[in-house]
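Descriptive analysis of the structure
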Amino acid sequence: MTPEVLSNYPQIQELHVAEVVRYLQQNHWAAINHPNPRLLLFEKGVDDRGKAIQIVLPSKDEYEDRPYLVAKAVNLLSVLESVSFQEIVSEINTSVRAS
């Protein structure tokens, strides 16, 4: 499913940036400094071409592109972990309650 479509799902709309960040940190994604203070960058592993796998998130929930970037992150995580986007959202929600 594309991030454009996913960004309209209520499950994605309800996720906060801090929740996704907490999930990424708990799953050993490294925070990388980004020159744009409006963006958060995380890396983990490399793809089949040896390029770092990256997730970009907005630094605040209020930014207009938050649903799209969160959906893009959830979509990538679902592909990397071979599970549905709903399972990733559930795992993010579980990690929030556990902390």
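Scroll up to find the structure.
These remarks concern the structure in this document. Since the model is a prediction, treat every value here as computed from it, not as a measurement.

1. Some remarks on unusual backbone geometry
Of note, H28 is a non-glycine position whose phi angle comes to about 65°, a positive value. Tracing the backbone shows H28 in the loop between α3 (17–26) and β1 (30–32). Positive phi values are uncommon outside glycine, yet S82 reaches one of about 55°. If you trace the backbone, S82 turns up in the loop between α4 (66–81) and α5 (85–98).

2. As for the sheet that holds strand β2 (residues 39–46)
Reading across from one edge, β1-β2-β3 is the order of the 3 strands in this open sheet, with antiparallel pairing throughout. At either end of the open sheet lies a strand with only one pairing partner, and these are β1 and β3 (52–58). The average undirected angle you get between the axes of adjacent strands in this sheet is 35°. Both β2 and β3 contribute to a ladder of 6 bridges, which runs antiparallel. Note on β3: the bridge partner recorded for F42 is I55. Packed onto the sheet, α3 meets β2 and β3 and runs at close to 155° relative to β3. Strand contacts of α4: β2 and β3, with the helix running at about 150° to β3, the strand carrying the most contacts.

3. Considering the side chain of E19
With respect to the helices and strands, the residue E19 is situated in helix α3. Here E19 is buried and forms no salt bridge, its nearest opposite-charge partner R22 lying at an N-O distance of 5.9 Å.

Rules and cut-offs
- Residues numbered from 1 in each chain as written.
- Predicted model: local features only at pLDDT ≥ 70, side-chain atom pairs only at ≥ 80, totals over all residues.
- Heavy atoms only, no water.
- Helix = DSSP H or I, 4+ residues; strand = E, 2+ residues; numbered from the N terminus.
- Pairing = 2+ DSSP bridges.
- Axes fitted to C-alpha atoms, helices over the stretch in contact; angles between N-to-C directions.
- Contact = heavy atoms within 4.5 Å.
- Buried < 20%, exposed > 50% of the residue type's maximum accessible area, 1.4 Å probe, protein only.
- Lys, Arg positive; Asp, Glu negative; His and termini not counted.
- Salt bridge = Lys/Arg side-chain N within 4 Å of Asp/Glu carboxyl O.

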